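Coordinate analysis (summary)
If you want the building blocks of each chain, they are given just below.
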Amino acid sequence: MPKTSPRSTNAPATTAAAQRGPLATPAEVAEYLGVPVKTLYQWKYRGIGPNVHKVGRHLRYRWREVDAWLNTQATYDLAV
């Protein structure tokens, strides 16, 4: 029987977030969202952007939280 690490799961990694890995830098998130890194910093200051975590002195984002935040953003209703 092959050994498994304690962090592995039996569930297949089917989401894009799972394929990217658990944490992202501000530059990676900015590229993904198509916004400048400075915009992410402004969103953090104003408390309106994706949830951000400090790892030591570095800012990191969880991909699943970025995707969840993106899904909650209002869309324009173009059908009037």
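Residues numbered from 1 in each chain as written. Predicted model: local features only at pLDDT ≥ 70, side-chain atom pairs only at ≥ 80, totals over all residues. Heavy atoms only, no water.

**Brief notes about the overall build of the chain**
When helices and strands are tallied, the chain shows four helices and three strands. Taken over 80 residues, the chain has a buried fraction of 25%. Across the chain, every contact between residues at least 6 apart in sequence was considered, and the portion connecting residues at least 24 apart equals 51%. For the chain, the exposed area adds up to about 6700 Å²; of that, 54% sits on carbon and sulfur atoms. (Helix = DSSP H or I, 4+ residues; strand = E, 2+ residues; numbered from the N terminus. Buried < 20%, exposed > 50% of the residue type's maximum accessible area, 1.4 Å probe, protein only. Contact = heavy atoms within 4.5 Å. Areas by Shrake-Rupley, 256 points an atom, 1.4 Å probe, with all protein chains shown as cover.)

**So, the sheet that holds strand β2 (residues 53-55)**
Across the sheet, three strands lie side by side as β1-β3-β2; this open sheet has antiparallel pairing. With partners counted over all chains shown, the strands left at the sheet margins are β1 (23-24) and β2, one partner each. With three bridges connecting them, β2 and strand β3 (residues 58-62) associate as antiparallel partners. Each residue of the ladder has a partner; that of His-53, found in β3, is Arg-60. Each of β1, β2 and β3 is contacted by helix α4 (residues 63-72), which is oriented at about 65° to β3, the strand it contacts most. (Pairing = 2+ DSSP bridges. Axes fitted to C-alpha atoms, helices over the stretch in contact; angles between N-to-C directions.)

**A few points about the pattern of salt bridges**
Applying the stated criterion across every chain, the model contains one salt bridge. Here Glu-65 ties to Arg-62 by a salt bridge, and the two come within 3.4 Å at their closest N and O atoms. Arg-62 sits in the partly exposed class, given a relative accessible area of 30%. (Salt bridge = Lys/Arg side-chain N within 4 Å of Asp/Glu carboxyl O.)

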